[in-house]
Amino acid sequence: MQVLAQGALRKMRTELTDGQAHYQLVCGDQALALNERLGQQISLRHLGAINCLHCGRKTKKSFSQGYCYPCFTKLPECDSCIMSPEKCHFHLGTCRDPSWGEQFCFQSHIVYLANSSGIKVGITRGTQVPTRWIDQGAVQALPILRVDSRLQSGLMEHLFKDQVADKTNWRTMLKGGIAPLDLKAERDRLFEASAAGMAELEQRFGLQALQRLEADEVSIDYPVMNYPLKVSSLNLDKTPEISGQLLGIKGQYLILDTGVINLRKYTSYEVEFRSE
């Protein structure tokens, strides 16, 4: 095998073309097409260093997928409200960086239904469609609402969590064989069951802030030769060099004949990628 890329690992770049997900491995300033590597022997070796995604300082452990601990505790993109947007505290004057919040949180967000390991509700910035769906390994997705801010999207998601899950079961997602769903029917059922809560949020933010969407469903196929019968997770911290035949790519996972690895987990790790 020959070295094809070396540098700091980033989450894979994705693109949806005619319903097919296409992936690029991003390593330093290199981007390597992965779909064409299916069936080949590959190797990913951790070279020992982890450098913070934001400040570049060396860190023994990665926090929040790529940050050193000081940045993790200070940066707005690492705040708890990123994972729980309904807890946004910008209006209290306690945002870690108000200018960052204004740029990223006060913009159009999409509330969507997806089928990744079964039905789930999720949110994403409008600019992250369909990237977010591919990153989660969704085989179907349907935008159902457009809202004006991240807080509003979080409140809608929190409301809908009483009816549908808001997490993907990654093991189920990686086994394949996900049964198709009628997402438009699920949307209508969800709106009906959540009518009272939606009315309260519309009264709070205004009718124009929460826009119901009549969008088309998006179907996504993934470059997978074979799904694993049993999902075994590979870990670069425990095994610095991981190798095997590339059987598929789904979500941010590589599926090898030796196990699966979530590349996004190892953002900022200095690695070497080799293939046939």
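Residues numbered from 1 in each chain as written. Predicted model: local features only at pLDDT ≥ 70, side-chain atom pairs only at ≥ 80, totals over all residues. Heavy atoms only, no water.

Within an unreviewed UniProt entry, the label attached to the chain reads DUF2797 domain-containing protein, and the organism entered is Marinobacterium rhizophilum.

(A) Molecular detail of the pairing of strand S4 (residues 41-50). Bridge count for S4 against strand S10 (residues 241-250) is five bridges, and the pairing is antiparallel. Bridge pairing links serine 43 to serine 243 in S10. (Pairing = 2+ DSSP bridges. Helix = DSSP H or I, 4+ residues; strand = E, 2+ residues; numbered from the N terminus.)

(B) Quick peek at the packing of aromatic side chains. Applying the stated criterion across every chain, the model contains nine aromatic pairs. On the basis of an interplanar angle of 85° and a centroid distance of 5.1 Å, the ring pair of tyrosine 266 and tyrosine 269 is categorised as edge-to-face. Across the pair, tyrosine 269 and tyrosine 266 agree in class, each one buried. Chaining the aromatic ring pairs together yields one cluster made of Phe63, Tyr69 and Phe72. Geometry around phenylalanine 191 places arginine 212 over its ring, the cationic atom sitting 5.5 Å from the centre. (Phe/Tyr/Trp six-rings, centres within 6.5 Å; stacked < 30°, edge-to-face > 60°. Buried < 20%, exposed > 50% of the residue type's maximum accessible area, 1.4 Å probe, protein only. Lys NZ or Arg CZ within 6 Å of the ring centre and 35° of its normal.)

(C) Representation of the environment of isoleucine 242. With respect to the helices and strands, the residue isoleucine 242 is situated in strand S10. Once you skip the residues sitting within four places of it in the chain, isoleucine 242 turns out to touch Ile42, Ser43, Leu44, Leu234, Asn235, Leu236, Leu256 and Ile261. (Contact = heavy atoms within 4.5 Å.)

(D) Spatial organisation of the pattern of salt bridges. For the structure on display, the rule yields twelve salt bridges. Two residues, arginine 187 and glutamate 214, come together in a salt bridge whose shortest N-O distance is 3.6 Å. In this pair, arginine 187 is assigned in helix H7 (residues 183-193) and glutamate 214 in the loop between strand S8 (210-212) and strand S9 (218-219), connecting sequence segments 27 residues apart. The class for arginine 187 is buried, based on a relative accessible area of 5%. By relative accessible area, glutamate 214 is classed as exposed at 72%. By sharing partners, the salt bridges in this structure join Arg45, Glu241, Glu272 and Arg274 into a single network. (Salt bridge = Lys/Arg side-chain N within 4 Å of Asp/Glu carboxyl O.)

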